[in-house]
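# Coordinate inspection notes
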Amino acid sequence: MTMSYKKEDLKIYWNKIIYAYPILNDTIFTDCNTAEYDEVQQIIVALNIQMKIRDLVLVHIEKYLRQHVAPTFWSKFMKVDEEVKGFQLFKSAVNDLHDSVSSFSGMLQRLTILNNSCNDNKPIYGEKDVILGFKQLVRATLLSQLPLDFQVIINHFYKVSFNVFDNEYENSDMGEDVLCSGCLNECSDCNCMYIVKVFHDTNRKLMELQLLERLTGQVLTNFIQMRIESHIQKLCTGTFDVSHLGFLENWLDTTVMSWLTRIYCGGSSKPSPDDKNIQSAISKFKQKLSYFLYHSYTKLRIDQLFNIIIEYPDSQPAVDDIKLCLEKTDLRGTLCKNLQNALETRLLHPGVNTPDILTAYVTTIRALRHLDPSGVILETVTKPVRNYLRNRDDTVRSVVSSLTEEGAGSELAEELVKFAAEADGDCDKDESWDRWNPDPVDADPTVDSSDRRANDIISMLVNVYGSKELFVNEYRTLLADRLLAQSALNTEKEIRYLELLKLRFGESQLHFCEVMLKDISDSKRINALIHQDKEIETLNKKFTSNAMILSAQFWPPFKDESLELPEEIKRHLEAYTKSFEALKGNRTLSWKPHLGNVNIEIEIGDKKLDLTVSPFNATLIMHFQEKSEWTIDELHQVMKVPVTILRRKITYWQSMGLIAEKSTDYYVLVDGSEANKANVATNQVQEMICEDDETESVMASAHDQREGELQVFWSYIVGMLTNLDSLPLDRIHQMLKMFASQAPGTECSLQELRQFLDTKVRTHQLVLQGGMYKLPKT
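Named according to an unreviewed UniProt entry, the protein chain is Anaphase-promoting complex subunit 2 originating from Arctia plantaginis. The annotation that UniProt attaches to the protein chain under Sequence similarities (unreviewed entry) is "Belongs to the cullin family."

Shown next, in the form of structure tokens:
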């Protein structure tokens, strides 16, 4: 049935609809009551225009929000520098927005009745409910007009309130301060209570509008993260002997999370048990902030890790903190990379002494073992250190010196003693099955994890070179130096170290060293017996000589230097040799005239010197006793020493003021009166020991020794090629392996053998044809 209405009636109905929904005239306020609206609702239903009116009202609400509410709200978001002004602006903006939204409540109730009569179940801006749809529309409209610097006053708002809240916990007792450290006003004019009230009120309104998370979430997150970083910096910079994680976690709980809870709960200290959404939001925020706290703290500690390691074990609390944080963060890779860079830039360069690098390396091993018992971080980080140490000539000597150093403070000597104690205790190092952990994902799968965990510090240093033999050889050389340098032969200390090293490297490796120590004790006994010989007793009236008698095949090779001793000394040594031969029957002595020490007494004028010098210096000054003027060539003829060495070594006597260079390469003895003028203090001279070469090793260098050892193979190679005509490199290497088993250091790698044979080819002692080595035809 069609109903027709007069134009005047329709106009009256439209005015009544506008009275109920003033938004259609772009205004909100009306006096329409419930009874009056019931009449309007009946008219709308009667006209069957419910859906049209509803959609029209929604369009006008959307337009009003876009043109009036949103611009008014965002107009207060100015870029201001004063925090208090920003605080007030944000408070004012939220209050006005809340009032504007509240003014729609009557209209929304009427719209709800209208919507219910539509029966089309059309969602209102994605929501079933008109009021929820309206709030969605408010949020969408506001966020569609978001200004660039909207975060500035929000940041000010939360900064001011956090300072007040933080002050409650940290400085509740203001004492006699003039300024309140919360609101920064004078204490008599403290504004903290007002700030707290406004803070809670504003947050409650934002929660009602469901704008809190959307509008302030990122600002809050950034602000709190910044506060966490500054708090960590303030608390933890430069102190490694205290664990800080407990304090930081407590601060996060008591200060930051309490503050955040109050934001989400409109001032309440905890959410209501029914409100699962709030509980979930707070819980997620805490997870995010906890991770950030661990992440920031770990990054700070990673930046300081080199210093933490150098101070280990005093810095163990800091290492414990990092260990805990690495389980909660993904910063293992960053730690490895940063520490590797720090070691390379601060340690691995020519300006750092090898012993200092070794000390730092040992400390790094200890600290990283504690940090990561699996040994993966240690293996990764110390790779450049091992490569660098391998290329330093004095590494092995430094390690061996440290192993046998006197006194506390030697890391490696302590390790050696500790290893011996553990070996004695035979302690079971196997981990319990229930405490086993798999290797981390960044572990090298080709390395056995038990090997990585079991390596002690000395093993790791030995593994730098991959050979125990090298260390044992270096120890032999060092022991030889020490034994030959001792004027009072005290071998007890060396025997103690040798026993410790035997536990570490095995008996067979150190058999040669045992013989060397036995030679020293035997030398004392043989010396005593030889001095009872009548001929020696007679010669001893002028001067005495004591020999250290060494078993040549067990000692490392000596430096090969020539020196012709004065006839008088040679006669003495010949008599000593005869006496030794009479004592030992089928053995004789081969003297090393350039080795040893000579105690001499020099009288020149009224000056008297007691000195301990090398045989070279003693021989040199004795020649000036026979003749006071010598040219360098004349000295070269009588002493059989190269001129270059003579020039270098004669400077010792020049520095003592006893010899002067009259003209180039022409030396004269300084007479008594001039000697007295020599600027050398007598008390210094009395104690002075020749320092020209005595600090150097008397043993052949590692390179010289290796040359000598490889030369041993030459006779075998000549024999092979004589019998078999020609052989490839691999076959020569295999055959040599059968002979190279007795003396230490006589193993030869394929690469080393190739270099040795190539040298022989260059010197025309061998011919290489088609990969086959043969002897040249004579």
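According to the stated counting rule, one finds 15 aromatic pairs in the structure shown. Judged by centre distance (6.0 Å) and plane angle (90°), the ring pair of phenylalanine 77 and phenylalanine 90 falls under edge-to-face. Here phenylalanine 90 lies in helix 4 (residues 83-102) and phenylalanine 77 lies in the loop between helix 3 (50-74) and helix 4, a separation of 13 residues in the sequence. Taken together, a centroid distance of 5.1 Å and an interplanar angle of 90° make the contact between phenylalanine 157 and tyrosine 158 edge-to-face. Counting every residue linked through ring pairs, the aromatic cluster contains Phe73, Trp74, Phe77, Phe87, Phe90, Phe157, Tyr158 and Phe199. Stacked on the ring of phenylalanine 285, the Lys or Arg lysine 288 has its end atom at 5.0 Å from the ring centre.

Taken over all residues, the pLDDT of the protein chain has a mean of 75, while the share at 70 or more is 78%. Note that residues 171-176 has pLDDT below 50 and, in this model, four contacts with residues that lie over four places away or in other chains.

With respect to the helices, strands and loops of the structure, threonine 298 is situated in helix 11 (residues 276-303). Those residues in contact with threonine 298 that sit more than four places away from it in its chain are Cys325, Leu326, Thr329 and Leu331.

Right, let's get into the sheet that holds strand 5 (residues 666-669). The strands that make up a sheet pair up through hydrogen bonds in the backbone, lying either parallel or antiparallel. On the basis of which strands lie adjacent, the open sheet formed by three strands has the order 3-5-4 and antiparallel pairing. The sheet is open, and its two edges are formed by strand 3 (629-631) and strand 4 (659-663), each paired on a single side. Each adjacent strand pair in this sheet contributes to an overall mean axis angle of 30°, direction not counted. Bridge count between strand 4 and strand 5: four bridges; the pairing is antiparallel. Bridge assignment links isoleucine 659 to a residue of strand 5, and that residue is leucine 669. The sheet contacts of helix 27 (residues 615-626) involve strand 3, strand 4 and strand 5, and relative to strand 5 the element is tilted by about 75°. Strands strand 3 and strand 5 of the sheet are contacted by helix 28 (residues 632-639), whose axis makes an angle of about 85° with strand 3.

Now for the environment of valine 45. Looking at the element boundaries, valine 45 is found in helix 2 (residues 34-47). For valine 45, a relative accessible area of 38% translates into the label partly exposed. For the pair valine 45 and leucine 114, spaced 69 residues apart in the sequence, the C-alpha separation amounts to 8.8 Å.

What follows concerns a nonpolar patch on the surface. Judged by side-chain polarity, Leu235, Val242 and Phe247 come together as a nonpolar surface patch covering roughly 250 Å² of accessible area. Checked against the element boundaries, valine 242 lands in the loop between helix 9 (212-236) and helix 10 (245-264).

Before going further, it helps to spend a moment on the side chain of lysine 76. Tracing the chain through its elements places lysine 76 in the loop between helix 3 and helix 4. You can call lysine 76 buried: its relative accessible area is 16%.

What follows concerns the packing of helix 8 (residues 192-208) against helix 9. Where helix 8 meets helix 9, the closest approach of the two axes is 8 Å, and the angle between their N-to-C directions is 125°. One way to sum up the angle between helix 8 and helix 9 is to call them oblique. Note on element contacts: helix 9 touches helix 8 through Leu212, Leu215 and Thr216, opposite Asn203, Leu206 and Met207. Its residues assigned to classes, the contact of helix 8 with helix 9 comprises four nonpolar, two polar and no charged.

When the terminal C-alpha atoms of helix 4 are compared, their 29 Å separation across 20 residues agrees well with the 28 Å that a helix rising 1.5 Å per residue should span. Every buried residue of helix 4 is accounted for by Gly86, Phe87, Leu89, Phe90, Ala93, Val94, Asn95, Leu97, His98 and Val101.

Pairing is antiparallel in the open sheet, where three strands are placed in the order 6-8-7. This sheet does not close on itself; its edge strands, each paired only once, are strand 6 (726-728) and strand 7 (767-769). Averaged over all adjacent pairs, the angle separating strand axes in this sheet is 35°, with direction ignored. Relative to strand 8 (residues 772-774), strand 7 is paired through three bridges, and the arrangement is antiparallel. Across the sheet, valine 767 pairs through a bridge with lysine 774, a residue of strand 8.

The next thing to look at is unusual backbone geometry. One non-glycine residue with positive phi stands out, namely glutamine 210, at about 55°. Residue position: glutamine 210 is located in the loop between helix 8 and helix 9. With phi around 65°, histidine 764 is a residue other than glycine that occupies positive phi space. The topology assignment puts histidine 764 in the loop between helix 35 (750-762) and strand 7. Given the relative accessible area of 65%, histidine 764 is considered exposed.

The next point concerns the nonpolar core. In terms of nonpolar packing, the biggest core is built from 87 residues, with Tyr21, Tyr158, Trp259 and Leu260 touching the most fellow members. If we ignore the near neighbours within four places in the chain, the residues touching tyrosine 21 are Tyr37, Ile53, Val57, Met107, Arg110, Leu111 and Leu114. By size, the runner-up hydrophobic cluster in this structure holds 53 residues, among which are Ala318, Leu335, Val472 and Leu479.

Burial of strand 2 (residues 607-613) is one-sided: the residues Lys607, Leu609, Leu611 and Val613 facing one way are buried, the residues Lys608, Asp610 and Thr612 facing the other way are not. One ladder, built from seven bridges, connects strand 1 (residues 598-604) with strand 2; its direction is antiparallel. Within strand 2, the residue paired with glutamate 601 across the bridge is aspartate 610. Remark: two residues form the turn of the hairpin made by strand 1 and strand 2, two consecutive strands paired antiparallel; glycine 605 in that turn has positive phi of roughly 65°.

Under the counting rule described, the total for this entry stands at nine salt bridges. Where aspartate 55 meets arginine 54, a salt bridge forms, and the shortest distance between an N and an O atom there is 3.2 Å. Here aspartate 55 falls in the partly exposed class, since its relative accessible area comes to 27%. The partner of lysine 76 in a salt bridge is aspartate 96, and the shortest N-O contact between them spans 2.8 Å. Taken together, the residues span a long stretch of sequence, with lysine 76 in the loop between helix 3 and helix 4 and aspartate 96 in helix 4 at a distance of 20 residues. Bridged by salt links that share partners, the residues Asp201, Arg204, Lys205 and Glu208 form one connected network.

Another aspect to go through is helix 13 (residues 316-328). Here helix 13 contains 13 residues, and its C-alpha end-to-end distance of 19 Å stays within 8% of the 18 Å for a straight helix at 1.5 Å per residue. Of the residues making up helix 13, those classed as buried are Ala318, Val319, Asp321, Ile322, Cys325 and Leu326. Burial along helix 13 is one-sided: seen end-on, the buried residues are contained in an arc of 155°. Those residues of helix 13 hidden inside the fold are in contact with helix 10, helix 11, helix 12 (305-310), helix 14 (332-346), helix 15 (354-371) and helix 16 (376-381).

We now examine the pairing of strand 5. Note on strand geometry: in a regular strand, side chains alternate between the two faces of the sheet. Pairing geometry for strand 3 and strand 5, over three bridges, is antiparallel. Each bridged residue has a counterpart across the sheet, and for tryptophan 630 the counterpart in strand 5 is tyrosine 667. Hairpin geometry of strand 4 and strand 5 is characterised by an intervening segment of two residues between the two adjacent antiparallel strands and by a positive phi of about 60° at aspartate 665.

Cut-offs and rules
- Residues numbered from 1 in each chain as written.
- Predicted model: local features only at pLDDT ≥ 70, side-chain atom pairs only at ≥ 80, totals over all residues.
- Heavy atoms only, no water.
- UniProt positions renumbered as here; feature names shortened; annotations may be inferred.
- Phe/Tyr/Trp six-rings, centres within 6.5 Å; stacked < 30°, edge-to-face > 60°.
- Helix = DSSP H or I, 4+ residues; strand = E, 2+ residues; numbered from the N terminus.
- Lys NZ or Arg CZ within 6 Å of the ring centre and 35° of its normal.
- pLDDT = per-residue confidence, 0-100.
- Contact = heavy atoms within 4.5 Å.
- Pairing = 2+ DSSP bridges.
- Axes fitted to C-alpha atoms, helices over the stretch in contact; angles between N-to-C directions.
- Buried < 20%, exposed > 50% of the residue type's maximum accessible area, 1.4 Å probe, protein only.
- Patch = residues over 30% accessible without salt bridge, like charges linked within 9 Å, V, L, I, M, F, W, Y side chains within 5 Å.
- Areas by Shrake-Rupley, 256 points an atom, 1.4 Å probe, with all protein chains shown as cover.
- Salt bridge = Lys/Arg side-chain N within 4 Å of Asp/Glu carboxyl O.
- Parallel < 35°, antiparallel > 145°, perpendicular 65-115°, else oblique.
- Nonpolar A, V, L, I, M, F, W, Y, C, P; charged D, E, K, R; others polar.
- Expected span 1.5 Å × (residues − 1).
- Core = buried A, V, L, I, M, F, W, Y, C linked by side-chain atoms within 4.5 Å.
- Arc of directions from axis to C-beta.

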